[in-house]
Amino acid sequence: MSVLAGLTAALSNGSVKVIDLTTPLSPETPILNLPQPFANTVGLSVSPVSNFDDAGPAWAWNDVTVGEHAGTHLDAPVHWITGKDGKSVDKIEPHRLVGPLVVLDKTAEASADPDFLLEPEHFEQWQEEHGPFPENCWVIFRTGWAARGADAAAFVNADDAGPHTPGVSAAGAKWLASNASISGFGVETVGIDAGQAGSLDPMFPVHSFLLGADKYGVTSLRNVDRLPVTGATLVVAPLPIVGGTGSPSRVYALVESGPVEER
């Protein structure tokens, strides 16, 4: 049996399961809001073209307006000044969007401190326990934050000082960007940087270091609690928007239903 035939059979018999990591996209889906004087993107709006009526008696379809960075979305290098001469979303090689995933679980830490930041030692400790990051992998930061997704205020978690959500320190972001095995970084929060990342040096270091190193981000993930620490495969499927700085994306994990490494 070929490798692809084996995968198809495993999907059919349930020994490999597809876990949808995507936040459903609606006008109510929380999106990133920057403080004044910066401009903000739009979320999703839907307007009907026809709905089995005089405008189209046998068909229904809609026009949609949506920001590149709404809901579960991919950040391409050209999204950030450090990657402005890099790839737009349509230029990212498909093989970079499919790869092994590794999960760093800091749910307890993020629950105790919403401003918790990953440091280089967290990545190094993971490798001491599980081995080197595999080639072309995606690092997924599990925080439990998706449980807040039905409540926009709790999800953004903002006060007078701005949003408070977990992320990565400047040193941690530089470590991620310098690791040749990593293709991307995924989070449950609205953006790949911490809520207070505007106060770090450089500002928004995950954007700055990661996108400048031809690596990618994916945000607003759900069902991360269903993933094993190792052994699953991530599939990120953005729209190939020509010149796009990012795209809303459907994100899946392929997970073996047999014994897996404990979380």
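Scroll up a little and you will see the structure.
A brief structural summary. (Residues numbered from 1 in each chain as written. Predicted model: local features only at pLDDT ≥ 70, side-chain atom pairs only at ≥ 80, totals over all residues. Heavy atoms only, no water.)

Quick notes on the overall build of the protein
Test applied: Secondary structure elements follow DSSP: runs of H or I of four or more residues count as helices, runs of E of two or more count as strands, with numbering from the N terminus. Throughout, radius of gyration means the C-alpha value; the globule benchmark is 2.2 Å times the number of residues raised to the power 0.38. Relative accessibility under 20% of the residue-type maximum defines a buried residue, over 50% an exposed one, and the middle range a partly exposed one, all with a 1.4 Å probe and only protein chains included. Residue contacts are counted whenever heavy atoms from the two residues lie within 4.5 Å of one another. To be clear on the numbers: accessible area is Shrake-Rupley with a 1.4 Å probe, and residue cover counts the displayed protein chains and nothing else.
Each helix and strand counted, the protein has 6 helices and 14 strands in total. For 263 residues, the compact-globule formula gives about 18 Å, and the C-alpha radius of gyration of the protein, at 19 Å, lands near that figure. The burial tally for the protein puts 44% of its 263 residues in the buried class. A fraction of 73% describes how many contacts in the protein between residues 6 or more apart in sequence connect residues 24 or more apart. In the structure as shown, the protein presents an accessible area of about 13,000 Å², 57% of it carried by carbon and sulfur atoms.

Details of a nonpolar patch on the surface
So the rule is basically this: Patch membership requires over 30% relative accessible area and the absence of a salt bridge. Like charges are linked within 9 Å, and nonpolar side chains (Val, Leu, Ile, Met, Phe, Trp, Tyr) within 5 Å. For salt bridges, the criterion is a side-chain nitrogen of Lys or Arg within 4 Å of an Asp or Glu carboxyl oxygen.
There is a patch of nonpolar side chains on the surface, built from Leu4, Leu7, Leu11 and Val18 and spanning about 340 Å² of accessible area. When residues of the nonpolar patch are assigned to their parent elements, the largest contribution, 3 residues, is made by helix α1 (residues 3-13). By the secondary structure assignment, Val18 is in strand β1 (residues 16-20). Take Val18: its relative accessible area is 47%, and that puts it in the partly exposed class.

Points about the layout of surface pockets
Defined as follows: Every definition here rests on a 1 Å grid over the protein atoms only: cavities are sets of points where a 1.4 Å probe fits but cannot get out, pockets are open sets enclosed by protein on both sides within 12 Å along at least five of seven lines, and lining residues have some atom within 4 Å of a point. Grid points are joined across faces, edges and corners, and a volume is the space filled by probe spheres set on the points. Charged residues are taken to be Asp, Glu, Lys and Arg, nonpolar residues to be Ala, Val, Leu, Ile, Met, Phe, Trp, Tyr, Cys and Pro, and polar residues to be all remaining types, Gly included.
One number sums up the size of the largest pocket: a volume of about 840 Å³. Along the walls of the largest pocket sit 30 residues, with Leu32, Asn33, Leu34, Pro35 and Phe204 positioned nearest its centre. Across the lining of the largest pocket, the residue classes tally to 14 nonpolar, 14 polar and 2 charged. If you add up the space inside the second largest pocket, you get close to 190 Å³. Lining of the second largest pocket is provided by 16 residues; of these, Leu25, Thr72, Pro248, Ser249 and Arg250 occupy positions nearest its centre. Contributing elements (two or more residues each) for the lining of the second largest pocket: β13 (232-238) and β14 (246-256). Counting residues per element, the lining of the second largest pocket draws most heavily on β14, which supplies 3 residues. Taken together, the residues of the lining of the second largest pocket break down into 10 nonpolar, 5 polar and 1 charged.

Some details on the packing of helix α3 (residues 120-130) against helix α5 (residues 170-178)
Let me state the cut-off plainly: Lines fitted to C-alpha atoms define the axes, with helix axes restricted to the stretch in contact, and inter-axis angles between N-to-C directions lie between 0 and 180 degrees. Orientation categories follow fixed angle ranges, with anything under 35 degrees roughly parallel, anything over 145 roughly antiparallel, 65 to 115 roughly perpendicular, and all other angles oblique.
In contact at an axis separation of 7 Å, α3 and α5 are set at 45° when each is read in the N-to-C sense. In terms of axis orientation, α3 runs oblique to α5. Touching Pro120, Phe123, Glu124 and Gln127 of α3 are Ala171, Gly172, Trp175 and Leu176, all from α5.

Considerations on the nonpolar core
Inside soluble globular proteins, nonpolar side chains tend to come together where they are buried. Note the cut-off: For the purposes of this section, nonpolar cores are sets of buried Ala, Val, Leu, Ile, Met, Phe, Trp, Tyr and Cys residues that join through side-chain atoms within 4.5 Å.
One finds Leu21, Leu74, Leu101, Trp138, Leu227, Leu234 and Val236 to be the most contacted residues of the largest nonpolar core, which totals 22 residues. Contributing elements (two or more residues each) for this core: β5 (98-105), β7 (137-142), β12 (216-218), β13 and β14. The contacts of Leu101, once residues within four sequence positions are left out, are Trp138, Ile140, Leu227, Pro228, Val229, Thr230, Gly231, Ala232, Thr233, Leu234 and Ala253. Membership of the second largest hydrophobic core comes to 21 residues, among which are Leu118, Phe141, Ala173 and Trp175.

Remarks on the pattern of salt bridges
Applying the stated rule across the entire model yields 6 salt bridges. Ionic pairing is found between Glu93 and Lys87, a salt bridge with its closest N-O pair at 3.0 Å. Residue classification places Glu93 among the partly exposed residues on the basis of a relative accessible area of 30%.

Structural notes on empty space enclosed by the protein
As enumerated under the stated definition, the model contains 1 cavity of 30 Å³ or more in all. Counted as a void, the largest cavity has a volume near 60 Å³. In terms of lining, the largest cavity is formed by Thr23, Thr29, Pro30, Ala146, Gly149, Phe155, Glu188, Ser220, Leu221 and Arg222. A class-by-class count of the residues in the lining of the largest cavity yields 4 nonpolar, 4 polar and 2 charged.

Concerning the pairing of β7
Put simply, the rule reads: Each pair of strands is called paired provided DSSP finds at least two bridges between the two strands.
Taken across its 6 residues, β7 has 6 buried, putting it largely inside the fold. Neither face of β7 is left uncovered, since the one carrying Cys137, Val139 and Phe141 and the one carrying Trp138, Ile140 and Arg142 both have all their residues buried. Judged from the 5 bridges that link them, β5 and β7 form a sheet pairing that is parallel. Bridging from a neighbouring strand, Val102 pairs with Val139 of β7.

Comments concerning the packing of aromatic side chains
Quick note on the threshold: Two aromatic rings, drawn from Phe, Tyr or Trp (for Trp, its six-membered ring), form a pair once their centres lie within 6.5 Å of each other, and the interplanar angle then sorts them: stacked below 30 degrees, edge-to-face above 60, tilted otherwise.
Counted by the stated rule, this structure contains 5 aromatic pairs. Between Phe123 and Trp175, the aromatic rings sit 5.0 Å apart at their centres with planes inclined by 10°, giving stacked as the arrangement. Of this pair, Phe123 sits in helix α3 while Trp175 is found in helix α5, placing the two residues 52 residues apart along the sequence. A relative accessible area of 16% means that Trp175 is categorised as buried.

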